[in-house]
Every structure is written in structure tokens, then in C-alpha cells.
Amino acid sequence: MFDDEWMGLLTREVLRERTAELIAEACAWAVGMSDQPHYLRAGGRIVGTGPTVGGRALTGLALSGDEDGRLDLGDARPGSFRDALNGVDSAGRLQADRFDDELLHPFVSETCLRAAERAQRTRPGDWAELADDVGEEEADLADVVRAGGWEAPLRIDAEHLVLAALGDVPLIEVEAEGLPLSLVRAAEAATRAAVPLDTVVPDDALAGARFLAAAALDAAGLPVPVPPADAGRLLDGLVAHGLEDDEVVRVLPDLPLETATAERISELLRRR
């Protein structure tokens, strides 16, 4: 039996740091659900009820039925995000299963990889020992993560975070909150589709960081371009919104800053 408790704690720490990003991504994922036709399982068959999911939610009708759903999503407030997750699509697939496959599981996998990168950087000896214990090369982060089995319990934590923040919120409000980021995602998808197939398109891993950085700048209420005197306030806001130090450095060119402000923030980060 190998000692991996410290790594499990680290994955949860990184997940907590990314909570704002997770909630933002969940809201963006929900955009469009209210426009879909509503279905229920009745007598073992999937039947359309007539109105859209959003139309049904606005009239106070439940979105999920008695023959489907997860116990942890049961007794949901009609029209809430939790209620929508417990509904089914035209093929009878639970929306919560689609949410898991399309967002939750990839997000948790990325979180575990980030934790692995941090462990390799800050605890190289422990990481090397852990990799050896699971029978993988320490440089193969994904293989070590897969062998370590930290993703499964972290998915439960991630789901709890989403439901705690959004579970009882009306679906319409969740969609409205996620609309800006969903437009970014749609633009990225359109850009990728427009590029010839033989062109390699790098994955924009900073899209979430840019979204959070813009939110931090807006919340700080600072003048733009941000002057050097406000560099500390902006940095505090970026960190409070869940950005890690390396993400802060990488999004600085996308923010409306005076040149000296970006240099000041980089200097403050070096002192941390």
C-alpha cells in the first residue's frame, strides 16, 4: 500500500483554487438547455411534453420525472439547475450523465494534471517515489494520475461544489450567467472549424483564465488602462478569482494595462 494521501489532498487543494472556473464552465455548459424540447419517460417510453424545457420551467413544472434520475438530485426545486440535470433528452439519456462526460470529467482530469505538475515541481522527491510506487515513469504525469486513482473521488467533490453553488438556482439564471463564456467557447469552435484540417490548432487552455481575469478587472472597478499604482489591487483580484501565478503572467498581455503595470505585477509575483 503506497502513501498517496498527500497527493489526494493536493488535488483537492487545486480543485478549490479552480472553483470559480468550474462554476463558470458549468454555467456556460448549461446555455441552450432551456431552448430544447422537453421529454419525460412514461411507461418506459420517452415522450415529448410539448413545451420547451425553459417554457416548462417558467410555469413552475418539474423538468424531471419519477422514472429517471439520480437519488442525489432528487427532490429538486422545479425549474432549477438540479432539476434540469435530472431530466432526460430525446434519446432518454440523463442530462447529468451528459454533464459528467462533457464537462465534469474533463475538468477533473485537467485538475489532477495540474496537481501533478505542482507536485513534480514542489515535491520532486515525493513525486518520484509515488510514481515508482504506482509503476509509472515520473515524467508521464497522465499515466501516474491514471494509476493513482485520484480522479474518481475528486469528481464527487467537484459535483458537490457545482450543486452547492448552482443546484437550486433557476436554470434560466444559470444560463444567463454562463452566456458570456459560452460565446467565447462558440467562437473558439467556429475558429477551429474554419481552419484547414492539415493545420494544427493549439488548444486555448487560457480561455477560462481570461474569462476570470476580465471578471476580476470588472469587480475591482479600476481605471483602464490600469496604472502601475493599482497593480497590487489588480493582482489581489486576479488571485481571489482563482488564477494561479503562471496564469496571471500569461493573461497580462490580454488585459488593458499600462506597460509599467504589467512589469509591476510580474515583480510582485516574483516576491511572493
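In this text, all values refer to a predicted model and were calculated from it rather than measured experimentally. Counting restarts for each chain: residues are numbered from 1 in the order of the written sequence. Local features in a predicted model are, by the rule used here, given only for residues with pLDDT of at least 70; side-chain atom pairs are given and counted only at 80 or more, and totals for whole chains, interfaces and linings are based on all residues. In computing side-chain values, all of the structure's heavy atoms are included and hydrogens and water are not.

A. Spatial organisation of the pattern of salt bridges. We define a salt bridge as a side-chain nitrogen of Lys or Arg found within 4 Å of a carboxyl oxygen belonging to Asp or Glu. A complete count under the given rule lists 15 salt bridges for this structure. A salt bridge links R118 to E13, with the shortest nitrogen-to-oxygen separation between them at 3.3 Å. Taken together, the residues R118 in helix α5 (residues 95–122) and E13 in helix α1 (residues 5–17) connect sequence positions 105 residues apart. The classification of residues rests on relative accessible area computed with a 1.4 Å probe and restricted to protein chains. Under 20% of the type maximum is buried, over 50% is exposed, and intermediate values are partly exposed. Assessed through its relative accessible area of 32%, E13 is described here as partly exposed. One network of salt bridges, in which partners are shared, links E13, E17, R118 and E244. Only DSSP runs of H or I reaching four residues or more are called helices, and only runs of E reaching two or more are called strands; each is numbered from the N terminus.

B. Quick look at the environment of A42. Note that A42 resides in strand β1 (residues 37–42). Judged by relative accessible area, which is 39%, A42 ranks as partly exposed. In this structure the C-alpha to C-alpha distance between A42 and G65, which are 23 residues apart in sequence, comes to 8.3 Å.

C. View of the packing of aromatic side chains. Aromatic contacts are taken between Phe, Tyr and Trp rings whose centres are within 6.5 Å, Trp giving its six-membered ring; a plane angle under 30 degrees counts as stacked, one over 60 as edge-to-face, and the others as tilted. In total, this model carries 2 aromatic pairs according to the counting rule given. Aromatic pair W29 and F99: ring centres 4.9 Å apart, planes at 75°, arrangement edge-to-face. With a gap of 70 residues between them, W29 in helix α2 (residues 19–30) and F99 in helix α5 connect regions that are remote in the sequence. On the numbers, 6.1 Å between centres and 80° between planes, the contact of F81 with F99 is edge-to-face. Here F99 lies in helix α5 and F81 lies in helix α4 (residues 81–85), a separation of 18 residues in the sequence.

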